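Now for the letters of each chain:
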Amino acid sequence: MFDKILIANRGEIALRILRAAKELGIATVAVYSTADADAMHVRLADESVCIGPPSARDSYLNVPALLAACEITGADAIHPGYGFLSENARFAEILAEHSIAFIGPKPEHIRIMGDKIEAKRTARRLGIPCVPGSEGGVSDEAEAQRVAADIGYPVLVKAAAGGGGRGMKVARSKDDLLHAIQTAKTEAKAAFGDDAVYLEKYLEKPRHIEVQILGDGQGGAVHLGERDCSLQRRHQKVLEESPSPALNDTQRAEIGEICASAMRELRYAGAGTIEFLFEDGKFYFIEMNTRIQVEHPVTEMITGLDLVTAQIRIAAGSPVSMIQEDVKFFGHAIECRVNAEHPSTFRPSPGRISYYHPPGGVGVRVDSAVYQGYKIPSNYDSLVGKLIVHGRTRNEALMRLRRALDEFIVDGVDTTLPLFRTLVRNADVQNGLYDIHWLEQFLATGGMDLNS
Ligand code: ADP
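Here the structure is a predicted model, which means the values were calculated and not measured.

J.: So what about the site of the ligand? Which residues, and what values?
T.: Near the ligand, the surroundings consist of 22 residues, among which Lys 116, Gly 165, His 208, Gln 232 and Glu 287 are the closest. The backbone of Leu 203 places a nitrogen or oxygen atom 3.0 Å from a nitrogen atom of the ligand. Summarising the interface, the protein chains cover 96% of the accessible area of the ligand, which totals 550 Å² for the free molecule. If you list the elements that add at least two residues to the shell around the ligand, you get β6 (155-159), β8 (197-201), β12 (269-279) and β13 (282-289). The class makeup of the residues in the shell around the ligand is 8 nonpolar, 7 polar and 7 charged. Taken domain by domain, the makeup of the shell around the ligand includes at least three residues from each of domain 2 (132-201) and domain 3 (207-444).

Okay, structure coming up:
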């Protein structure tokens, strides 16, 4: 097992990793930018090292500074969390060259899945069902038109290096296609420095359903059920739940086993998520995330497992049970991502939290790194915290969520708490009747205007 883990991240996920390390009896090192000197992860870690100025490029993405921090503190492993360097295969290789363990999958798997064209090719080879689309990238207009005519409009132009919902454009007809390709390429070049794009059939009313997997790197892998993340804004998840109200037990077991068996064949190590769109009873692979995800607590609540502890154990080569029958599911969990943003305009609202009171009680979990008097910096994402509830049934979870949201007080900054208070009272949400466009339509038709 590791002696000391350096956490190359900030915010709630840094705290989440720190908690897992402490429970394993492993010492922790926090790193921070000058904008995060007052952050909770810095206070709670055994040691902390300032690694640079506020800009992420100069601090949380600064590989030499991270290596120096390992050297100074004697850390023998790095947990990258999500975002930042978590899906950077080169970073994982550099750590290996310095005899520091990367708590995550093998670099070759990060690399394959980081390129969405390559990821789809691999998924197909492993027997995972994919969205119909181009075999590889599309390089010229004629080819794009041929593929689009073949799969049928509407089509979605997507960036091979995509992430965070950027570099995606819908073309409804041949006339839109060229423009969609050009805009997607420009956006992809600006965001990722790579303008390769590919085409996919645009699904009109799918749900987003993803499968959590754990692999031991030696051919053992299990699935931990699915998460339904269909409530999205700008292709970003807002609320997640498990189990999905749209699946029956047979569909759940089938897609879970397809994913687990693919990961056994890959000899995948660590935690990963295989993302699908689900429409008319069929699953379509869209991408795989080779890291811990923001919404992982939903799965922890219904399985009783600690995914970060599992990641650490796997990276250290300790045995982790990989027998599917050992994984038991109970009840229903829902997570809300509470952001420091205006609840209807979504304008970011960094600033000082003047009063903070998180909810508590049976079945309520809050993963957050804020506190009363804490100043949310404007340099990073606007996540205040995640509220996760668990109940024996979906209905119990919804009622618990309703009362937990009513208890939650965050003063001094705008938050999206009012949005969730509205959603939890909405009939479609209560009945589980929503697809990936539902929330955008709800907002566009003034769903929040009456309440804000
Ligand atoms: P990113 O890596 O940018 O998050 P994804 O491929 O995971 O991109 O897609 C993010 C979201 O975009 C999905 O959850 C879904 O809402 C939408 N999306 C992606 N592919 C399609 C598609 N073929 N048809 C319709 N919507 C899609």
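J.: Outline helix α11 (residues 307-315), supporting the account with residue identities and numerical values.
T.: For α11, the buried fraction is high: 7 of the 9 residues fall into the buried class. What α11 keeps buried is the set Leu 307, Val 308, Thr 309, Ala 310, Gln 311, Ile 312 and Ile 314. You can read the cap of α11 off the contacts: a side-chain oxygen lies 3.1 Å from the backbone nitrogen of Val 308, and it is on Asp 306. One or two residues past the end of α11 sits Gly 317, with phi positive at roughly 80 degrees.

J.: Please set out the pairing of strand β9 (residues 207-216) residue by residue, giving values where relevant.
T.: Extensive coverage of β9 is indicated by the burial of 9 of its 10 residues. Summarising the sheet, β9 and β12 pair through 10 bridges and their orientation is antiparallel. Along β12, the bridge assignment pairs Ile 209 with Phe 276. As paired strands, β9 and strand β10 (residues 221-233) are joined by 6 bridges and run antiparallel to one another. In the strand pairing of β10, Glu 210 is matched with Arg 227. Remark: 4 residues form the turn of the hairpin made by β9 and β10, two consecutive strands paired antiparallel; Gly 217 in that turn has positive phi of roughly 80 degrees.

J.: Run through the packing of aromatic side chains, naming residues and quoting values.
T.: According to the stated counting rule, one finds 9 aromatic pairs in the structure shown. For the ring pair Phe 276 and Phe 285, a centre distance of 6.4 Å and an interplane angle of 80 degrees mean the geometry is edge-to-face. Pair check on accessibility: Phe 276 and Phe 285 agree, each one buried. Between the aromatic rings of Tyr 371 and Tyr 374, the centroid separation amounts to 5.2 Å while the plane-to-plane angle is 55 degrees, which identifies the pairing as tilted. Here the two residues Tyr 371 and Tyr 374 agree in accessibility, since each one is buried. Feature note: the residues Phe 276, Phe 278, Phe 283 and Phe 285 constitute an aromatic cluster, connected by ring pairs. Between the NZ or CZ atom of Arg 207 and the centre of the ring of Tyr 434, over which it lies, the distance is 4.6 Å. Its end group placed over the ring of Phe 346, Arg 233 keeps NZ or CZ at 3.8 Å from the ring centre.

J.: Can you explain the domain arrangement of the protein chain? Please cite residues and give values.
T.: For the protein chain, the domain assignment lists domain 1 (4-89), domain 2 (132-201) and domain 3 (207-444). The straight-line distance from the C-alpha centre of domain 1 to that of domain 2 is 37 Å.

Rules of the game
Per chain, residue numbering runs from 1 following the sequence as it is written. Side-chain atom pairs in this predicted model are given and counted only at pLDDT of 80 or more, local residue features only at pLDDT of at least 70, and totals for whole chains, interfaces and linings cover all residues. Note that water and hydrogens are dropped before the side-chain values are worked out from all heavy atoms of the structure. Throughout, near means a residue has at least one heavy atom within 4 Å of the molecule or strand. In protein, a polar contact means a hydrogen-donor-capable atom and an acceptor-capable atom, both N or O and within 3.5 Å, with residues adjacent in sequence counting only if both atoms are side-chain atoms; elsewhere, any N or O pair within 3.5 Å suffices. Accessible surface is estimated by sampling points in the Shrake-Rupley manner with a 1.4 Å probe; for residues, cover comes only from the protein chains shown. Helix numbers and strand numbers start at the N terminus; a helix is a DSSP run of H or I with at least 4 residues, a strand a run of E with at least 2. Put simply, Ala, Val, Leu, Ile, Met, Phe, Trp, Tyr, Cys and Pro go in the nonpolar bin, Asp, Glu, Lys and Arg in the charged bin, and everything else, Gly too, in the polar bin. Just so you know, the domain bounds were taken from an automatic or database domain assignment. Burial here depends on accessible area, computed with a 1.4 Å probe over protein chains only, as a share of the maximum for the residue type. Under 20% is buried, over 50% is exposed, and the range in between is partly exposed. A pair of strands is treated as paired once DSSP finds two or more bridges between them. Here a pair means two rings of Phe, Tyr or Trp (six-membered ring of Trp) with centres within 6.5 Å. Their orientation is stacked below 30 degrees between planes, edge-to-face above 60, and tilted elsewhere. Whether a charge lies above a ring is judged from NZ of Lys or CZ of Arg, which has to be within 6 Å of the ring centre and within 35 degrees of the ring normal.

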